Amino acid sequence: MLRRAMFRCGELCSRVFAVEFDLRAEPLYFTLSSSPQVLHHDYQRLFGECGKLFSLHVQSENRIEKAQTHAEIKHKLSSTISRDCDVFEASSFIPDDENSVVKGFFIRDKSTTTLSEDLLNTLRQNKTVCVFSYKREGQYCWQELWSPVSQVKESVRQYITPATAAEHHPSTLNIRNADVFYSMDEAYKVLQECTDIIPESKEVLKLVDEQLETSSGDGFPVIVIEGLDATGKTTLTEALRESLNATLLKSPPQCLASFRQRFDSEPPLIRRAFYALGNYITAAHIGKESLRAPVIVDRYWHSTAAYAIATAVSGRVENLPRLDSELYQWPGDLLQPNLVLLLTVNPEERLRRLRDRGQDKTVEEAELELNQLFRLKVEEAYKRIQNPACIIVDASPSPQEVLQQVQHLIRNKCHL
Ligand SMILES: Nc1ncnc2c1ncn2[C@@H]1O[C@H](COP(=O)(O)OP(=O)(O)O)[C@@H](O)[C@H]1O
Ligand SMILES: Nc1ccn([C@H]2C[C@H](O)[C@@H](COP(=O)(O)OP(=O)(O)O)O2)c(=O)n1
């Protein structure tokens, strides 16, 4: 019998484990079985190297607790563990089964110290954390529930059995209502669940309650400008406000500005729910303002969904939810704009603009590469969002030329 509620009896063997061994490649997938299996080359690289191997998963019925424990462990692993340790993201899931992912880490400790074991033992005090260790015998490797030497118990050996990739990348399985919210209620519930631990949640919910008098907007056109940081959104939206005599709004709205830093430090579940609610407040403002003048919006739901999806999905662009996935659909209860424009510039020009603003001067190579993967995923997710989809605008020319290009589009599409 397993000591924890985690991975209920019998369930363990129907699960696939995925270790993000190399971010540019597919994870390494394995299942468990009671009979030994010969491991081939890739698995030998992960399990065959010398050192101690562990995996650690967090499972709890309480999603806020689960998200926070996962974030704390991530922080502890990156700040405490020695340089001789490799830490990889690892998850366990039931293939193509929505919401089945249990997130965790895989730890390879090549040191001669007991630092990782001491740390794992501390983390294990938390009832939601489950630790497995891995042992080798020739070409075989097995997993068993880990406990410190002083408390060794009989544990069931489960042999590592190579598995193939499932149709949907595991990191896409838990996106709905954990990273992206498709109704206000779902995002609202998350903040309600954390009012005890994050008092600011109450204030945010109060602002949402006060603002929610949305008209569906039969008034002036509503134009959203989207794009990665430093693609020129501020420059363009200011120019459009002047030239169209428009009202300029943004999401998250000004009334949430003082809460942003607080929620940015929270795990994705809470952080994304905060941004989702920001869109509903902005929607209420749009509803009112569009009765008086055209409205320009600096970031809206495309940003919320694209960043959330790109952060949730690990590794390559190919791992994103498929083109026709429901995950790219606009929430049914959120006011739709008339036009969404996505500003794009090539990576070199964007870096130049960031540098001119005094940012990103000391980005290390590795981080640059990760940023590059992330940027590609955000842009691709932006382009896949539907109803309304965005129109791509090349924002590399001068501010004046970009403005003219956009004015032309607005005239054609919105008859302004
Ligand atoms: N079309 C453009 N050509 C060259 N530089 C630009 C252009 N648009 C904006 N910039 C500059 O690039 C930087 C980022 O622009 P900004 O409008 O602040 O982007 P965002 O709001 O998307 O982060 C600023 O220093 C701005 O002056
Ligand atoms: N409507 C919005 C706006 C921003 N976000 C999130 C998405 C990203 O995590 C950040 C991007 O913010 P960032 O500070 O880069 O943006 P600006 O510099 O304000 O253009 O905010 C969102 O989720 N929804």
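That block above? That's the structure.
Attention here is on the structure that accompanies the text. Worth saying up front: this structure is predicted, and the values here are computed from it rather than measured.

Criteria and thresholds
- Per-chain numbering applies: the sequence of each chain, read as written, is numbered from 1 onward.
- Both sets of labels track the order of writing: A upward for chains, 1 upward for ligands.
- At least 70 in pLDDT is required for a residue's local features to be given in this predicted model, at least 80 for side-chain atom pairs to be given and counted, and no such filter applies to totals for whole chains, interfaces and linings, which use all residues.
- Calculated side-chain values reflect all of the structure's heavy atoms, with hydrogen atoms and water omitted.
- Strands are runs of DSSP state E lasting at least two residues, helices are runs of H or I lasting at least four, and both sets are numbered from the N terminus onward.
- Only the C-alpha atoms count toward the radius of gyration. The rule for a globule is 2.2 Å times the residue count to the power 0.38.
- Here's how the labels work: a residue is buried when its accessible area is under 20% of the maximum for its type, exposed when over 50%, partly exposed in between, all with a 1.4 Å probe on protein chains only.
- Every residue pair with non-hydrogen atoms within 4.5 Å of one another is taken to be in contact.
- Computed by Shrake-Rupley with a 1.4 Å probe, the accessible areas treat only the displayed protein chains as cover when residues are assessed.
- Each Phe, Tyr or Trp ring, with Trp reduced to its six-membered ring, pairs with another whose centre is within 6.5 Å; inter-plane angles below 30 degrees give stacked pairs, above 60 give edge-to-face pairs, and intermediate values give tilted ones.
- Only when the NZ of Lys or the CZ of Arg is both within 6 Å of the ring centre and within 35 degrees of the ring normal is a charge said to sit over the ring.
- Should DSSP find at least two bridges between two strands, the strands are taken to pair.
- We define proximity as follows: a residue is near a molecule or strand when any one of its heavy atoms falls within 4 Å of that partner.
- Whenever a nitrogen or oxygen atom comes within 3.5 Å of another N or O atom, the pair is scored as a polar contact, on the condition that within protein one atom can donate a hydrogen and the other can accept it, and that pairs from neighbouring residues in sequence are kept only if both atoms are in side chains.
- For this classification, Asp, Glu, Lys and Arg are treated as charged, while Ala, Val, Leu, Ile, Met, Phe, Trp, Tyr, Cys and Pro are nonpolar and the rest, including Gly, are polar.

Things to note about the overall build of the protein chain
Next, step 1: Broken down by element type, the protein chain carries twelve helices and 13 strands.
Next, step 2: Computed over the C-alpha atoms, the radius of gyration of the protein chain is 24 Å, within 12% of the 22 Å expected from 2.2 N^0.38 for a compact globule of 416 residues.
Next, step 3: Structurally, the protein chain occupies a C-alpha span of about 75 × 45 × 35 Å along its principal axes.
Next, step 4: In the protein chain, which comprises 416 residues, the proportion classed as buried is 52%.
Next, step 5: Of the contacts made within the protein chain by residues no fewer than 6 positions apart, 76% connect residues no fewer than 24 positions apart.
Next, step 6: Counting only carbon and sulfur atoms, one obtains 48% of the accessible surface of the protein chain, whose full area is about 20,000 Å².

Section: the packing of aromatic side chains
Next, step 1: On inspection of all chains with the given rule, the structure shows 18 aromatic pairs.
Next, step 2: For the pair Phe 106 and Tyr 134, a centre-to-centre distance of 5.3 Å together with 45° between the ring planes defines the contact as tilted. Taken together, the residues span a long stretch of sequence, with Phe 106 in strand 5 (residues 102–109) and Tyr 134 in strand 6 (residues 129–137) at a distance of 28 residues. With respect to class, Phe 106 is no different from Tyr 134; both count as buried.
Next, step 3: Here the aromatic rings of Tyr 300 and Trp 330 are separated by 5.6 Å at their centres, their planes lie at 55°, and the arrangement is tilted. Pair noted here: Tyr 300 is in the loop between strand 11 (295–298) and helix 9 (301–312) and Trp 330 is in the loop between helix 9 and strand 12 (339–344), with a separation of 30 residues, a long-range link. For the pair Tyr 300 and Trp 330, a shared accessibility class is recorded, and that class is buried.
Next, step 4: Following the ring pairs from residue to residue traces out a cluster consisting of Phe 17, Phe 30, Phe 47, Phe 106, Phe 132 and Tyr 134.
Next, step 5: For Arg 157, the ring lying beneath its charged end belongs to Trp 142, and the centroid distance is 3.6 Å.
Next, step 6: Stacked on the ring of Tyr 182, the Lys or Arg Arg 176 has its end atom at 4.6 Å from the ring centre.

Details of the pairing of strand 4 (residues 85–93)
Put simply, side chains in a regular strand alternate between the two faces of the sheet.
Next, step 1: When you tally the buried positions in strand 4, you get seven out of nine residues, the bulk of the element.
Next, step 2: Here strand 1 (residues 16–19) runs beside strand 4; their pairing, made up of four bridges, is antiparallel. Of the residues in strand 4, the one forming a bridge with Val 19 is Ala 90.
Next, step 3: Pairing of strand 4 with strand 5 involves eight bridges; the strand directions are antiparallel. Following the sheet pairing, Val 87 is matched in strand 5 by Ile 107.

Examining unusual backbone geometry
Next, step 1: Following Ser 251, the chain continues into Pro 252 via a peptide bond in cis, with omega recorded as 0°.
Next, step 2: Mapped onto the fold, Pro 252 is located in the loop between strand 10 (247–250) and helix 7 (257–264).
Next, step 3: The omega angle of the peptide bond from Asn 387 to Pro 388 is 5°, so this bond is cis rather than trans.
Next, step 4: Take Pro 388: it is sitting in the loop between helix 11 (365–384) and strand 13 (391–394).
Next, step 5: Although it is not a glycine, Asn 245 adopts a positive phi angle of roughly 55°.

Quick look at the site of ligand 2
Next, step 1: In the region of ligand 2, 14 residues are neighbours, and Asp 229, Ser 251, Arg 260, Arg 299 and Thr 304 sit closest.
Next, step 2: Here a nitrogen atom of ligand 2 and a backbone polar atom of Ser 251 are 3.2 Å apart.
Next, step 3: With respect to ligand 2, the side chain of Asn 279 contributes an N or O atom lying 3.5 Å from a nitrogen atom.
Next, step 4: Protein contact buries 78% of the 540 Å² of open area that ligand 2 shows by itself.
Next, step 5: At the level of secondary structure, the elements contributing two or more residues to the shell around ligand 2 comprise helix 8 (268–289) and helix 9.
Next, step 6: Here the shell around ligand 2 takes four residues from helix 8, the largest share from any one element.
Next, step 7: For the shell around ligand 2, the class distribution of residues is four nonpolar, four polar and six charged.

Shape descriptors only; they carry no functional weight alone.
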